[in-house]
Amino acid sequence: WIAPKGEGSTPTHWQVPIFNNNVRWASLEISFAPRKFFAVLGYQVNPFHLLVIFFTCASFIGFFVFMKRTLRHLDPSAVMPSRVKKMLDTLTEGVIILDTDAHIILANTSFAHDTGHSAQSLMGLKVSELKWVNCKTKKTYELQPWNDAIAQKETLSNMEIGLLTKSKSVRIYQANFSPILDEKENCRGVLATFDDVTELKQSKQEVERQNVELEILATQDPLTGCLNRRAFFVKTEHHFRVARENGTALSCIMADLDKFKSVNDTYGHAVGDRVIKFFAKVLLAAVKGDDAVCRYGGEEFCVLLPNCDADNASLIAEKIRKRVQDQCSLDLADIPGFTITGSFGVSTLDLGVHDIEELVIKADQALYQAKEQGRNRVISWNPESGQDTN
């Protein structure tokens, strides 16, 4: 307790006189601990001054953030001639203008309509907050071309980009991003245009799908899914030429169902079609890679085996023969007592054939011999003896 000099109050010592009938009767004194000063850069600073400085800085930062967010949402149309805004709204392309932080400061009616937002609600929105997607993978679009346009000061054209709208549909755009430069070549923002090509892309995909279907119809047998004769010879001509040029092996198997006419006569054509499909399934399961299976006609099939010599081709044909004989009762179990077998003829390139047609003819001749010798067997064509061998 340090009493001050005189009867006046000080910042650390208050004195309150108490009177009784205009006569000073007593005094109330209150004493506070002396204020402590802080040393800042060697100077003594009053804590009150520090408090003032703190609130001043905090107020400035808060006001700066508030004004920045407020200005971001101001409608640029207020300073843009109405005829310019109307012109942008008449465009079928979507148009947005971005600032250097990639915030939308203007969006025309077309872009707002496509996104499912209102033009006003897009103001101040960061463009990356819209749900951009990769058109092929339908996943989030990782690139940000608007930032590249700002950084490189170059126009990025014909970029395909998708946008997931509020209705969960994906719109596909052909987009262009052009930097907006001032007279000193400083970038002030980006003008982005979006040409909606969704319907065009869908039409193109539909045409491609139909082309695939037409190609399938033109090259495949509709019942079995095997190649038809025209497509088979187009494909095998290439393999024959490559085998001749490279000196590699090439083999052909002709396969035919035994006594198939009696199947149609006894069980009807519906069962006959099932048997043909079963035979084709066994043949397709036995091939791989560049091998080709063709429904040559009726119940007759032709198999081309690139890089396969005569011995391996005969082994493959024998496996197919056994599988047809053994699995028939399983795949056609609903037909009591039904059995079917197949006969096979094998020919190879290294036995002196001159073209693919001759290779097929020799395999067909070997098949004829298999039929003559009792069916349900594999016969290989032998040019030296002029006869086919089992």
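Check the entry above for the structure.
All values derive from a computational prediction rather than experimental measurement.

Student: How do you make sense of the overall build of the protein when you look at a structure like this?
Tutor: When its secondary structure is counted, the protein shows 11 helices and 16 strands. Computed over its C-alpha atoms, the radius of gyration of the protein comes to 45 Å, more than 25% above the 21 Å expected for a compact globule of 390 residues. Structurally, the protein occupies a C-alpha span of about 150 × 60 × 45 Å along its principal axes. For the protein, the share of sequence-separated contacts (at least 6 apart) that also reach a separation of at least 24 residues comes to 52%. As displayed, the protein offers around 23,700 Å² of accessible surface, 56% of which is attributable to carbon and sulfur atoms.

Student: In this structure, what is going on with the pattern of salt bridges? I would like to understand it.
Tutor: Pairs may arise between side chains of opposite charge once their charged atoms sit close together. All told, the structure shown has 12 salt bridges when counted by the stated rule. The residue K371 makes a salt bridge to D256 at a minimum N-O spacing of 3.1 Å. In this pair, K371 sits in helix 11 (residues 356–372) while D256 sits in strand 11 (residues 250–257), placing the two residues 115 residues apart along the sequence. Classification of K371 by relative accessible area gives buried; the value is 19%. Linking K261 and D265 is a salt bridge whose minimum nitrogen-to-oxygen distance equals 3.0 Å. Of this pair, K261 and D265 both sit in helix 8 (residues 260–267), four residues apart, roughly one helical turn.

Parameters and conventions
Residues numbered from 1 in each chain as written. Predicted model: local features only at pLDDT ≥ 70, side-chain atom pairs only at ≥ 80, totals over all residues. Heavy atoms only, no water. Helix = DSSP H or I, 4+ residues; strand = E, 2+ residues; numbered from the N terminus. Rg over C-alpha atoms; globule rule 2.2 N^0.38 Å. Contact = heavy atoms within 4.5 Å. Areas by Shrake-Rupley, 256 points an atom, 1.4 Å probe, with all protein chains shown as cover. Salt bridge = Lys/Arg side-chain N within 4 Å of Asp/Glu carboxyl O. Buried < 20%, exposed > 50% of the residue type's maximum accessible area, 1.4 Å probe, protein only.

Shape descriptors only; they carry no functional weight alone.
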